[in-house]
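Per-entry structural report
Here are the chains, one letter per residue:
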Amino acid sequence: MNKAIQKSAAELYPHTIVIGCGPVGMRFATELLAREPGSRITMYGDEIAQPYNRVQLSSLLAGEVSVDDIALTIPEDSQQFSFIPKKISRINVAEKLVESVDGQTNTYDRLVLATGARAHVPNIPGLDQRGVYTFRSLKDAEHLYTRTWRAQHIVVIGGGVLGVESARALLKNNTKVSLIQQGPRLMNKQLDDHAADLLQASLEAKGIRVVTNTGVRNITGDGRVSGVILRNRESIECDTVLFCSGITPNIELARLARLRVNRGVVVDDSLCTSDPSVYAIGECCEHDGQTYGVVKPGYEQAVILADNLATQKYGSEQSAYAGSLLNVSLKVVNTPVHSFGSVVDYKKTPFHRELVFNKNGLYRKLVCYRGRLIGGVSVGEWPESNRVLESFRQGRTFSFWQRLCFRISGELWPFSRSNEISVWPAESIVCQCRNISKGAVCNAIDSGATGVAAVTQATSAASVCGSCKPLIEVLLVSKSNVSIVREKEWAWSPQLLLSMTALLIALSVFFIPGVAVGESVKAPALLEGLWNDKFWKQVTGFTLLGLSLLGLLMSARKRIKSEKLGKFAYWRF
């Protein structure tokens, strides 16, 4: 009977193969299964590791999250979904089959390319030496993490978003970091001159050297990296070089299958390629001459494609992809940086207005066209940033008084609570990465979610970059029947008490009479025997040795993912 049910499901739902198990491919599979729980999906990935969130690799390198934190959830509850960690080597669009590197084949009714992109490495001399890295995969992050323990000077090539985040993450273990940007300023596609200068000042204050307006001519060394020579003829000694100089879409499979390609796999408004059974989403696709190097457009494409494929058999009206609005939010050296829309590369006309607020170390700029917000940039704390971004997405206009208030105070709503999410409309977007609305989050809370983790589990909000967690917490607090459940660290109070006791004992050496060194050997101090008497010298010496070894064991325990060794809280206590 089970075979009969599976056969009927196979006849009802077409077989969809997804090549690529990154965030975009997994988002598509999740969205399609949500619309059609019986959909037959086979996903291929070219990495042995479990699918993970590539967006948080820089946070993983900085030690802010663990590998478990960035793992993507595989829909194991669906009997029609299967994940195969094998690399696909060939696509036969005529016979509708794919072939893996080990020669295994699988047929499809619909094929979705979510192959992503790889790191772009410019062709300069010295690339084949030891000490040259790229930063695109989990394996790259693991290699870099190991390298930071013995690297003395790391040169990061590329001052875009990835380069800035990588330089910040590598600044540990007393490692010297230099950031080389060929363009005139950092993040030159997202920031204007003043915002880039503030960002550069923040990085330099942290110890990162920033060099702009020049590139790397060649990498020196004799089998091992010893330095780089810049185009301005400056020589920098280093032992590690990291390329963060852009990405190249993975289009080789599509090209071999004779699909239409340009910079990416060319798709139409329905995200269909030149073959009617093959689709492309994410960084590998090109729509209307545009490729996107961030994850958010890929999520939007995944949702639209899942909606279209789920409604095909019903003959419903198809959704059209009209491009994506780009926004970047990151925190560099505790300095929030936001950028969205057209800030730098836009054609200025008499109808364009730039609203600038630059006071007290805060910089905010909005670009309006006929009163409608088309872009903005800010450096520093900005409580209204999420509300402004929502206005940008909705294409709203600002009145003359709002524009005047912004020039004076840096706020668009200085006399109202409009910047508080509790009074936002239900259709307002809370999670920009996943496109999750306030209404969806509130529904999850009303259904019993009692914490940020529960809301994430129910809606997938805050599962990418996590920048919307404060908004979710505000919504949790604002609901009368819900309170945030914060997990307290085990034994925090006795640990605090013991720490304070140890501090008082240490201070007693300096402040209690009779604890210091005595005036003579005949009149020793009260505790002078601890370092003069042979027995007590051995006791204190071996005690310090034992505590040192215990500290080393604790450091090793933090890097061992094993429940058999007990929770780290016990070790800390």
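For the structure, see preceding data.
Cut-off values and rules
Residues numbered from 1 in each chain as written. Predicted model: local features only at pLDDT ≥ 70, side-chain atom pairs only at ≥ 80, totals over all residues. Heavy atoms only, no water. Buried < 20%, exposed > 50% of the residue type's maximum accessible area, 1.4 Å probe, protein only. Helix = DSSP H or I, 4+ residues; strand = E, 2+ residues; numbered from the N terminus. Pairing = 2+ DSSP bridges. Right-handed = clockwise from strand over helix to strand, strands pointing away. Salt bridge = Lys/Arg side-chain N within 4 Å of Asp/Glu carboxyl O. Phe/Tyr/Trp six-rings, centres within 6.5 Å; stacked < 30°, edge-to-face > 60°. Lys NZ or Arg CZ within 6 Å of the ring centre and 35° of its normal. Expected span 1.5 Å × (residues − 1). Axes fitted to C-alpha atoms, helices over the stretch in contact; angles between N-to-C directions. Parallel < 35°, antiparallel > 145°, perpendicular 65-115°, else oblique. Left-handed = near helix turned anticlockwise from the far one by under 90°. Contact = heavy atoms within 4.5 Å. Nonpolar A, V, L, I, M, F, W, Y, C, P; charged D, E, K, R; others polar. Core = buried A, V, L, I, M, F, W, Y, C linked by side-chain atoms within 4.5 Å.

Across the 5 residues that make up strand β10 (residues 153–157), a large majority, 5, are buried. What you see with β10 is no split at all: H153, V155 and I157 on one side and I154 and V156 on the other are buried throughout. Pairing analysis gives 5 bridges linking β10 to strand β11 (residues 176–181), with the strands arranged parallel. Bridged to I154 within β11 is V177. Taken together, β10, helix α6 (residues 161–170) and β11 constitute a β-α-β crossover, and its handedness is right-handed. Where β10 meets strand β16 (residues 240–243), 4 bridges bridge the pair, whose relative direction is parallel. The residue bridging I157 from the neighbouring strand is F243, located in β16.

For the structure shown, the criterion picks out 13 salt bridges. Residue R40 pairs with D109 through a salt bridge whose shortest N-O separation is 3.7 Å. Placement of R40 in strand β2 (residues 40–44) and of D109 in the loop between β6 (105–107) and β7 (110–113) is noted, with a sequence separation of 69 residues between them. Take D109: its relative accessible area is 36%, and that puts it in the partly exposed class. Ionic pairing is found between E252 and R118, a salt bridge with its closest N-O pair at 3.1 Å. One end of the pair, E252, is in helix α8 (residues 252–256); the other, R118, is in strand β8 (residues 117–119), and 134 residues separate them in sequence.

Moving on, we get to the packing of aromatic side chains. Describing an aromatic ring pair means giving the distance of the ring centres and the angle of the ring planes. On inspection of all chains with the given rule, the structure shows 6 aromatic pairs. Seen from their ring centres, W382 and F406 are 6.2 Å apart, and the 50° between their planes marks the pair as tilted. Placement of W382 in the loop between β25 (372–379) and α10 (385–394) and of F406 in helix α11 (residues 400–409) is noted, with a sequence separation of 24 residues between them. Across this residue pair, the class does not change: W382 and F406 are buried. Ring geometry for F398 against W413: centres 6.1 Å apart, planes inclined by 80°, an arrangement best described as edge-to-face. With F398 in the loop between α10 and α11 and W413 in the loop between α11 and β26 (429–431), this pair connects stretches of sequence that are 15 residues apart. Each member of the pair, F398 as well as W413, carries the same accessibility label: buried. Sitting over the ring of F351, R370 keeps its end group 3.7 Å from the ring centre.

For the rest of this paragraph, the subject is helix α9 (residues 295–311). Taking 1.5 Å of rise per residue, the 17 residues of α9 would be expected to cover 24 Å, and the 25 Å separating its terminal C-alpha atoms lies within 8% of that figure. Across the 17 residues that make up α9, a large majority, 15, are buried.

What follows is about the packing of helix α2 (residues 23–35) against α9. The interhelical angle for the contact between α2 and α9, taken along N-to-C directions, is 30°, at an axis separation of 8 Å. Taken together, the axis directions place α2 and α9 in an arrangement best described as roughly parallel. Once α2 is placed against α9, the crossing between them reads as right-handed. For the pair α2 and α9, the contacting residues are P23, V24, R27, F28, E31, L32 and R35 in the first and V295, G298, Y299, A302, V303, L305, A306, D307, L309 and A310 in the second.

What follows is about the packing of helix α12 (residues 438–446) against helix α13 (residues 452–459). Geometrically, a packed helix pair is captured by the angle between its two axes and the distance between the axes. Following both chains from N to C, one finds α12 and α13 inclined at 115°, their axes separated by 9 Å at the closest point. By the criterion of interaxial angle, the relationship of α12 to α13 is roughly perpendicular. In the packing of α12 onto α13, the handedness of the crossing is right-handed. The residues of α13 that touch α12, namely those facing A440, V441, A444 and I445, are V455, A458 and T459. Looking at the contact of α12 with α13 residue by residue, the class counts come to 6 nonpolar, 1 polar and no charged.

The next subject is the nonpolar core. Ranked by internal contacts, the top residues of the largest apolar core, which has 49 residues, are I19, F28, I91, V98, L111, L113 and I281. Broken down by element, the residue count for this core peaks at 8 residues, all from α9. Among residues more than four places away in sequence, those in contact with F28 are T16, V18, V112, I281, A302, L305, A306 and L309. Counting residues in hydrophobic clusters, the runner-up holds 38 residues, among them L57, L170, A195 and V328.

Those residues of helix α5 (residues 138–147) that sit buried are L138, D140, A141, L144 and R147. For α5, the secondary structure elements touched by its buried residues are α3 (57–61), α4 (67–70), β9 (132–134) and β16.

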